[in-house]
Every structure is written in structure tokens, then in C-alpha cells.
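What follows is the residue order along each chain.
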Amino acid sequence: MDVFVGRAHELEALARIDRAAAAGKPAVAVLIGEPGIGKSRLLAEAGRRTALPRSFRVVGYEPAAGVPLAAASELLRALGELLSESPPGERSALERTRLFEATHRALRATGPALIVIDDLQWVDDLSLALVHFLVRAADAGGEPLALLAAARPSAREATFSSSMEHVLGRDRVVRLELSPLSSGEAMELVKALAPEVGEEEARELASKAGGSPFWLEALARGSGAEKTAAGLVTARLRGCGADAGDLVALLAVAARPLALADVARLLGWATRRSEHAARELVARGIALESGGVTRLAHDLIRAGVETGITEERRLDLHRRVGEWLAGIAGEDAQLLCEALAHAHSGGSSGLDLALRLVRSPHRTLIGDDGLAVLVTIADEAEPYDEDALVLNEEIASLAAALARHEIRRDRWLRSADRRRDAHERARALLEASRSAFALGDKEAARADLARARATASREPLLGLDLDVHEAALDLWSDGRQEVGRARAHDAVARARGLFARDDRARDTYLEALRAEHEAAYQEDDGETMLRAAEERAAIARGFNADAHLTALLESARALRRVGRLGEALERARQVRDEAKQRVLPRLELDASYWLGTFLLQSSRISEADDVVGDALELAARVGDEARARHGIERLASELDFHARDWRGGVERLRAYTRGASEHAGVELHQLAASWLVLAGGEEVTEEAVAEVEAARACSEAAACPRCAAELCLTAAEALARVGRHAEAAESLAAWKRMRPNAQPRDGYVRTRVEAHLRQPPAADLLERAAGEAEALGFGLDELVTRLDLGAALQHGDRERARETLAAVAETAAACGSETIAELAAKRLRALGVRTWKRGPAAGILTEREREVVRLIAGGASNPEIAQRLFLSRKTVERTVSNVLRKVGARNRAELAARVAELEVEGAHR
């Protein structure tokens with residue numbers, strides 16, 4: 001129905017939502033009302049009036065409320081192909097975080113947009129989670145997005161509205177409870193729908209409808225006698241052929257729009273026959289047709305149709321729809337779920353579909369609810385049926401991917417009890433042991449492993465798998481680390497030989513290499529860590545993208561550890577860029593953390609600021625599940641320390657530390673101590689010593705030898721800088737005993753500590769340490785050491801001290817370290833040298849900042865820059881703010897006027 005009357009107040013409220021979104025402040029409106037009150041009509045009218053150039057639909061269907069992404073399928077299709085296909089033979093799982101992030105990027109690329117949700121109360125959980133993610137991401141990035149939703153009064157609507165208020169604040173979320181149309185509006189609608197109706201009859205129809213637009217239309221179109229949805233359908237179908245009745249029943253059971261070609265296939269008709277039946281339904285207002293796709297006109301009509309379908313007919317239609325969906329689903333988890341639901345409703349066990357679903361590369365999208373359905377199907381099947389046994393094992397694999405290790409262990413133990421073959425029982429018990437280990441239950445893990453060994457045959461691959469798993473257990477069990485390390489090194493040698501003869505040993509080889517990498521990490525053996533990581537990356541290439549990129553990132557960390565920082569930085573950048581291109585957000589965060597770290601250590605602080613800023617926005621969208629690292633927030637605090645306010649950086653680090661584990665606390669507290677003594681000197685002695693003591697307490701609790709050794713060296717430097725020389729010397733001696741073979745970076749840090757143990761600090765040792773740091777590429781350490789050198793030289797060579805400190809101040813300012821630049825300036829002033837704020841140098845801006853300056857000089861606004869560079873508005877705002885601060889410009893106009901001075905190539909002059 002195209003006619004629309006009334007709702008002036010609601011339309012104005014929706015227009016305000018539209019304007020807020022266009023201004024980069026995402027906003028939400030939720031329309032609440034009973035069926036037939038006109039929610040969908042109001043959504044359609046608001047969609048016609050929106051100023052946002054693109055709109056997308058999410059539609060809930062009651063029968064599909066348990067099918068992942070059923071409601072969002074139209075949105076996803078409209079956004080196009082989100083992820084490129086994986087290379088042939090390579091594993092690639094479309095898990096929900098990856099899908100959500102890909103959808104956000106595709107939506108952002110379309111520009112300002114409106115998302116319309118109809119029948120929110122029946123939107124499946126995953127679609128609703130996707131919508132929530134998109135709104136939260138748009139808000140974090142300052143991107144233009146409006147969301148209009150319609151729902152019946154329900155707990156689901158209340159929860160959704162509350163969550164939106166939590167994300168956006170109450171001022172950007174509007175809830176509108178729709179009332180019936182007034183008598184005047186109802187009369188106006190009747191007249192518009194049926195101009196031939198007289199005044200008195202129109203008044204009577206308006207009264208009967210009770211202000212409901214749905215019933216006003218129904219009564220105006222019909223005889224005016226229908227009182228229920230079922231009666232309405234019956235009356236409208238009167239005079240239609242049997243085909244129209246069959247089609248309307250199919251549409252109701254399918255609970256989805258259907259293409260006429262699919263209708264013909266499902267009902268065994270010629271296409272012309274389905275077209276004729278559809279025209280009859282459309283002519284009577286029962287269905288709508290667009291682009292060859294037919295759907296029921298209203299959910300009330302679907303409810304009315306369902307009451308008239310016989311049980312026999314319902315089962316037959318569910319079976320037909322299930323078989324049809326199964327035939328077109330391929331590996332699509334959403335369609336397989338929908339097919340499975342119809343198969344169950346049609347009386348089938350669904351075992352074959354369950355197997356297809358659990359093997360889909362997109363299987364993790366079904367979540368815990370889908371996992372529960374699969375468990376039910378497996379439990380209802382014959383226990384010793386081969387398909388049921390396979391389904392249980394596939395469910396266990398899916399449970400592992402969803403981190404539901406208790407379900408994973410239960411399924412493998414069932415398999416171990418039911419499998420007749422000893423080799424298969426041993427395999428199941430090994431997997432049960434791995435599940436128990438993942439749950440942190442080492443006692444159960446060892447018990448399951450012992451049962452597996454007692455059951456296992458002499459097959460070489462299984463024996464090796466058992467040894468690799470036992471090595472992993474030993475590596476993280478008190479008193480068994482040395483045994484675990486020896487077992488891990490032995491397992492790699494055996495796995496390498498086995499893989500050379502049998503490609504099936506690939507997974508075992510990868511696991512053995514991971515165990516060896518962990519062993520080398522405990523031994524602080526950087527070269528073995530590097531070799532193991534690079535070997536893993538080579539074996540996983542073209543086979544498992546996640547494993548390949550994860551191993552490459554581990555190799556980058558090992559490269560840094562052995563003093564090859566430049567190579568480490570480029571490798572981390574490679575992983576970050578490929579993870580971004582493949583839409584692997586968690587891996588992108590991991591790589592961004594290490595790339596930002598390496599850039600900082602290379603003294604490329606402005607570049608690190610860009611990387612970490614982007615990572616913080618990504619973490620705000622997908623969460624920061626730190627894996628073998630600290631959170632991005634830790635790195636952000638270090639940037640605050642160096643690039644902005646050093647005291648603010650320390651406090652941000654302390655806030656992060658309060659939520660960290662004791663193991664993580666070892667590094668975090670020693671880091672705080674290092675920052676305090678560098679920037680605050682002896683004035684913060686008590687604070688710094690307290691941080692050292694806190695780090696020691698954490699170290700005792702964590703009982704990690706590697707962390708304990710690192711703490712000894714860091715504590716020695718912090719204590720030496722504040723004059724606690726005896727304690728510093730003792731800590732340095734302890735480090736030397738624990739680490740007789742120092743890593744390259746540790747070597748120059750030790751030399752710097754030894755320099756500070758002299759009175760006054762030894763300039764020759766500091767000169768040597770600075771040279772070693774420079775040779776290894778650790779530019780930030782070199783700056784810190786030359787800052788120390790300038791202070792040490794003032795006792796004997798004031799002129800050289802001035803030259804050294806002036807060079808430090810200039811280099812620090814150019815690379816973005818305001819803290820070191822200010823410390824150098826302070827020491828210069830103590831030597832009687834006047835200092836001043838330096839003007840911008842050509843090399844001070846990052847490449848992204850130069851791009852932004854070029855666009856500003858050309859007159860581009862922040863939204864236009866965001867669109868051109870595919871950045872969020874908040875990223876652009878942060879970049880503009882950084883540029884203004886760096887170059888000392890007061891505003892955009894002044895910045896544009898200084899383009900020539902900044903030497904930004906290609907900018908408008």
C-alpha cells in the first residue's frame with residue numbers, strides 16, 4: 001500500500017535520527033506496537049524520506065528465528081561479496097568476528113547508510129549481534145549510520161533498546177510506542193484507499209478497524225466483514241483457483257520470500273503456472289511481488305494462513321522446502337541450518353544435514369545454539385551408527401573452535417567408549433586429553449593420555465601425536481619443564497622425518513614445531529625460536545592461512561629477540577597487511593601490537609601512533625583478545641608516555657596493570673619503574689622502587705624463570721638510575737647468573753647499567769651502548785642512551801655534552817618523542833643553553849599525515865577525507881589533531897597556508 005497518512009510526530013522524530021546520523025553521530029529509533037498498527041508502513045515512509053543515500057533491510061521471520069543470519073541475509077547480499085575466496089586447498093573459516101568486521105568495512109565503504117529492521121522480535125541472535133556490532137563500530141569511528149527498527153512489545157525489544165542506549169547514550173536512541181490512528185486520520189486513509197466509499201460507510205469502517213492501518217486497508221478492500229486474519233485470508237482467497245491456495249500455504253511454511261522459479265520447482269509446476277497463482281495472490285492483497293520474488297503481504301496474513309494448513313500438508317511442505325534448501329545450500333551454514341530446521345519439522349532425523357553443517361567452513365557461525373541442536377541430533381541417533389559416531393567427532397571439533405572444551409571432551413569420551421577399533425579409541429582419548437588440557441585440568445588430561453597410550457597401536461603417527469601432546473603438558477607443569485623441552489626437541493626431529501615420507505603428518509609436524517617454539521621461549525633461545533617459527537610458516541603456507549600468518553608473526557618476534565629489528569618490523573607489517581586484506585581481525589590486532597612495538601623501538605613513534613590508533617578502533621569493535629601479548633591499551637600507554645604527557649602515560653599503564661594477571665604484572669610493573677626513572681629521575685625514587693617491588697612480588701607468584709631474569713636486568717637499571725647502586729649491582733649479578741648467554745639487546749642494556757653504576761656515570765660505556773643500540777636498529781634505546789651520555793659528559797666535556805643533547809632533542813622531536821625531546825631540552829637549559837620550540841621539519845610527518853595535509857590544502861572536509869582514504873572519521877580527526885600539534889599550526893587554514901613549508905609533495909599551492 002503506497003498511501004500514508006498521519007504519524008507527523010513520529011516522522012519528525014525519525015527525521016532527527018536521520019540528521020544526527022548524517023552528521024556522523026549514529027542514532028537509533030525503535031517503533032513499538034501491536035500487529036497491524038502500522039510499524040512497517042512507518043518504516044517504509046521514513047525510508048522514502050531519508051537523506052542517507054543507501055538503505056539496507058534486516059527482516060525477522062518467526063519460523064527462522066533460530067537460523068543464524070536468516071534476518072540479515074538481505075543486508076549481506078546487498079553489500080556484495082565480503083570475503084575473497086581462499087586459495088585452492090587452503091583452510092579458511094568464516095567465523096563471526098571475521099564476518100562482522102568484513103560487513104562493517106563493506107558498509108563503511110558504501111558511505112552514509114540507513115539500516116531498517118522489521119519484526120525485530122523475530123530477528124535471529126546472530127543477525128541481531130551483527131547489527132549491534134555495526135552500530136557500535138559506526139559510533140567508535142564517527143561514521144554516518146541510522147538504524148530504524150520495528151518490533152512488537154517484547155523482552156527482546158526491551159533488551160535491544162537498552163543495549164543501544166548503552167552504546168550511544170539515551171540522547172541518540174528514540175523509542176516510539178505507536179498508538180492507533182485518530183478517527184480523522186483513519187477516515188483520511190479509508191478515503192485514500194477507496195475513494196468511492198461514502199462518508200457514513202467510511203466512518204463505519206474506521207470504527208471497525210480501531211485505528212489499525214492493516215485492518216483499515218483490509219476492510220476498505222473487502223466486504224468489511226472480516227474479523228480475524230484467518231477470516232481475511234479465507235475471504236480474499238474466495239474465487240481463487242486451488243493453485244493460489246497451494247502457493248499461499250507454501251509461502252507461509254517456507255517463512256521466506258520465494259522466487260517464482262523456485263516456487264515452480266518446489267510444487268512441480270511450470271513457471272507460467274506459478275506466475276498465474278502469484279498474480280492472483282497479489283491482486284487480492286495477500287502477497288507482494290517484486291523482481292520475480294513473492295512474499296506474503298503481512299505477518300498477520302501468514303498467521304491466518306497457517307491455521308488452515310492440515311498437518312499432513314504442513315509436513316509435506318516442510319519436507320519439500322528442506323530438500324530444496326539442502327540442494328542449493330552447498331557449504332552455506334545459514335542455508336544448511338534452515339534446511340535442517342525444515343527437515344526436522346518435516347519428520348526427518350536430519351543426520352545427513354547435520355553432518356554437512358558441522359563440516360561447513362562457516363560452521364562456527366551457528367554458535368552455541370546451533371551446537372546444542374547438533375548435540376540433540378547426535379544424541380537422538382543410534383549410538384553405534386557410523387554417521388552418528390562421525391557426527392559426535394565433528395561436533396567435538398566444532399566445540400573446540402567455539403572454545404566449548406567441556407562439550408568437546410564429552411563428545412570424544414563418548415566416541416572412545418563406542419568405537420570398536422583400538423586405534424580410533426586411542427585417537428578419541430588423545431583428543432579428550434587435549435580438551436582437558438585446554439580446560440586447565442592437567443590431572444584429567446594426564447589420565448586420558450595414559451588411557452590413550454594403553455589403547456594405542458604401534459602406528460608411528462599416533463605415537464608421535466601422543467608424544468607431542470605430552471611435551472606440551474610437561475612444558476607447562478611445575479617440575480617437568482626440562483623433560484618437556486627435551487621431549488619437544490625430539491618430537492620435532494621425528495616429525496620432520498615422518499612428514500618427508502607422509503604428507504598426512506603435516507598437522508603433527510605443525511604441533512611439534514609449536515611445542516619446540518614454546519620450549520625455546522622458556523630457554524630464551526632466540527635462534528631456535530626463529531627457526532621453529534619460520535619452519536612452521538613454511539609448512540602451513542597454502543594450507544592454513546591462520547597458522548601460516550601466526551607463525552610468521554612469531555618469527556618476527558624471534559627476529560627482534562636476536563637483534564634483527566628491521567627485519568622483524570617488516571615481517572610484522574607483512575602479517576598485519578595480509579590479515580587486514582583477508583579480514584582476519586584478531587590476527588590483525590596481534591600483528592598491529594607487534595608492529596607498533598617494533599616501530600616504537602625503532603624510534604618511529606609517529607608511525608607507531610598511526611598503527612596503534614587504528615588498532616584501538618579495531619579493538620573497540622571486535623574486542624582485544626590478547627594472545628601471547630599484552631593488550632593494545634598497554635602499547636597506547638607507551639605512546640602517551642613518549643609522544644604526549646609522560647605522567648599520563650604512566651597512569652594509563654597503571655590503570656591497565658590493575659586488570660592484569662600476576663604473570664603479566666611482572667613486565668608491567670617493571671615497565672612503569674623504567675618510565676618513572678627515565679622521566680622523573682631521583683625525584684620519583686619511592687614510586688619507582690615500589691614498582692620494582694610489585695614486579696618482584698608478581699614474579700614470585702608467577703614462577704616464570706624467563707620473566708624473573710628479565711626483571712633482574714630491568715630492576716638493576718631502574719635502581720641504578722635513582723642511586724640505589726648496591727641493590728642495582730646485586731640485581732645485575734643475579735641476571736648474569738641466570739642469563740650467561742645474553743641476547744643482543746640485553747648486551748647493550750647491561751653495558752648501560754654498568755655505566756650508571758659508576759660515579760659519575762661512565763661516558764665511554766654509554767657511548768659503546770649507544771653504538772650497539774644503533775647498530776641493531778633500536779633507535780629509541782639509542783636516544784635514551786645518548787640522553788644519558790649527554791648528562792654524563794657535562795662532568796668533563798660540557799661542549800660535547802651540549803652537542804650530544806642538542807642532537808638528541810632534534811632527533812626526538814623529528815621522530816615524535818616529545819618526552820625525550822623535553823628531557824634533552826631541560827638538560828640543555830641546565831648547561832645554560834637557550835632552547836625553543838623547533839618549527840616543523842620535512843621528515844616529521846608520516847605518509848598518512850602527508851596525505852591528509854594534501855587533502856586539507858585542497859579544501860577537503862574531514863568526512864570527505866575519510867571517504868577518500870577509507871578511514872573512519874575519528875581516525876581522520878585524530879590525524880588532523882596530531883598534524884596540528886606537530887607543526888604548531890592553530891587551525892586547518894593555517895595548516896593549509898604552510899603546505900610549502902611542510903614540503904608536502906603534490907599538495908595544492
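Everything below is about the structure printed above this text.
Quick summary incoming for the structure in this document. (Residues numbered from 1 in each chain as written. Predicted model: local features only at pLDDT ≥ 70, side-chain atom pairs only at ≥ 80, totals over all residues. Heavy atoms only, no water.)

## A closer look at the sheet that holds strand β3 (residues 113–118)
Inclusion rule: Strand pairing requires that DSSP identify at least two bridges connecting the strands. Strands here are runs of E lasting at least two residues and helices are runs of H or I lasting at least four, both read from the DSSP assignment and numbered beginning at the N terminus. Inter-axis angles, ranging from 0 to 180 degrees, are taken between N-to-C directions of lines fitted to C-alpha atoms, where helices are fitted over the stretch in contact. Residues count as neighbours in contact if any of their non-hydrogen atoms are within 4.5 Å of one another.
Read from one edge of the open sheet, five strands run β2-β3-β4-β1-β5, paired in parallel fashion. A single partner strand is all that each edge strand has here, and the edge strands are β2 (54–59) and β5 (173–177). Direction aside, the axes of adjacent strands within the sheet are offset by 15° on average. The sheet contacts of helix α2 (residues 39–49) involve β1 (27–32), β3 and β4 (145–151), and relative to β4 the element is tilted by about 165°.

## Overview of empty space enclosed by the protein
This is how it is decided: With a 1 Å grid laid over protein atoms only, a set of points is called a cavity when a 1.4 Å probe fits there but cannot get out and a pocket when it is open yet has protein on both sides within 12 Å along at least five of seven lines; lining residues have an atom within 4 Å of a point. Grid points are joined across faces, edges and corners, and a volume is the space filled by probe spheres set on the points. In this classification, the charged set is Asp, Glu, Lys and Arg, the nonpolar set is Ala, Val, Leu, Ile, Met, Phe, Trp, Tyr, Cys and Pro, and all remaining amino acids, among them Gly, are polar.
By the definition in use, this model includes one cavity of 30 Å³ or more. One number sums up the size of the largest cavity: a volume of about 80 Å³. In terms of lining, the largest cavity is formed by 11 residues, of which the most central are Phe4, Val5, Arg41, Leu181 and Pro213. The residue makeup of the lining of the largest cavity, split by class, is eight nonpolar, one polar and two charged.

## Description of the nonpolar core
What counts here: Nonpolar cores are built from buried Ala, Val, Leu, Ile, Met, Phe, Trp, Tyr and Cys residues. Side-chain atoms within 4.5 Å join them into one set. Relative accessibility thresholds used throughout: buried, under 20% of the residue-type maximum; exposed, over 50%; partly exposed, between the two (1.4 Å probe, protein chains only).
One finds Ile117, Leu147 and Phe160 to be the most contacted residues of the largest nonpolar core, which totals 140 residues. Here this core gets 11 residues from one element, more than from any other, and that element is helix α33 (residues 662–680). With residues up to four places along the chain from it excluded, the contact list for phenylalanine 160 reads Val30, Ile117, Leu120, Leu128, Val131, Leu147 and Ala149. By size, the runner-up hydrophobic cluster in this structure holds 83 residues, among which are Ala209, Leu250, Ala333 and Ala343.

## Remarks on a negative patch on the surface
Where we set the bar: Residues enter patches when they are more than 30% accessible in relative terms and free of salt bridges; like-charged ones are connected within 9 Å and nonpolar ones (Val, Leu, Ile, Met, Phe, Trp, Tyr) within 5 Å. Using a 1.4 Å probe, accessible areas were evaluated by the Shrake-Rupley method; residue-level cover was limited to the displayed protein chains. Salt bridges are counted wherever a side-chain nitrogen of Lys or Arg sits within 4 Å of a carboxyl oxygen of Asp or Glu. None of His or the chain ends enter the tally, which takes Lys and Arg as positive and Asp and Glu as negative. For the purpose of locating charges, the reference atoms are NZ of Lys, CZ of Arg, CG of Asp and CD of Glu.
A cluster of acidic residues, Asp352, Glu382, Asp385 and Asp387, forms a negative patch at the surface. Mapping aspartate 385 onto the fold places it in the loop between α18 (367–380) and α19 (386–401).

## Notes on helix α27 (residues 545–561)
For clarity, the cut-off: By definition here, a helix of n residues has an expected span of 1.5 Å times n minus one. Polar contacts here mean pairs of N or O atoms no more than 3.5 Å apart (in protein, one a potential hydrogen donor and the other a potential acceptor; neighbouring residues in sequence count only if both atoms are side-chain atoms).
Compared with an ideal rise of 1.5 Å per residue, which puts 17 residues at 24 Å, α27 spans 24 Å between its outermost C-alpha atoms and is within 8% of the ideal. Its side-chain oxygen at 3.2 Å from the backbone nitrogen of aspartate 546, asparagine 544 defines the N-terminal cap of α27. Residue glycine 563 follows α27 closely and has a positive phi angle near 90°.

## Looking at the side chain of glutamine 334
Topologically, glutamine 334 is positioned in helix α16 (residues 333–345). Apart from residues no more than four positions distant in its own chain, glutamine 334 is found in contact with Val67, Pro68, Leu69, Ala70 and Ser73.

## Observations regarding the packing of helix α31 (residues 632–643) against helix α32 (residues 646–657)
Under the convention used in this document: Roughly parallel covers angles under 35 degrees, roughly antiparallel covers those over 145, roughly perpendicular covers 65 to 115, and oblique covers all other angles. With the far helix as reference, a near helix turned anticlockwise by less than a right angle produces a left-handed crossing, and one turned clockwise produces a right-handed crossing.
Two numbers describe how α31 lies on α32: the axes approach to 7 Å, and their chain directions differ by 165°. Comparing their axes, α32 and α31 come out roughly antiparallel. α32 is crossed by α31, and the crossing has left-handed handedness. Contacts between α31 and α32 involve Glu633, Arg634, Ala636, Ser637, Asp640 and Phe641 from the first element and Trp646, Gly649, Val650, Arg652, Leu653 and Tyr656 from the second. Looking at the contact of α31 with α32, its residues break down into six nonpolar, two polar and four charged.

## A closer look at the pairing of strand β8 (residues 293–296)
Each regular strand shows side chains that alternate between the opposite faces of the sheet. By the alternation rule, side chains of β8 split into Thr294 and Leu296, which are all buried, and Val293 and Arg295, of which none is buried. For strand β6 (residues 258–259) and β8, the ladder comprises two bridges, and the chain directions are antiparallel. Its bridge partner being in β8, alanine 259 is matched across the sheet by valine 293. By the bridge criterion, four bridges tie strand β7 (residues 287–290) to β8 in an arrangement that is antiparallel. The residue of β8 that forms the bridge with leucine 288 is arginine 295. Where β7 hands over to β8, the hairpin turn is made up of two residues, of which glycine 291 adopts a positive phi near 60°.

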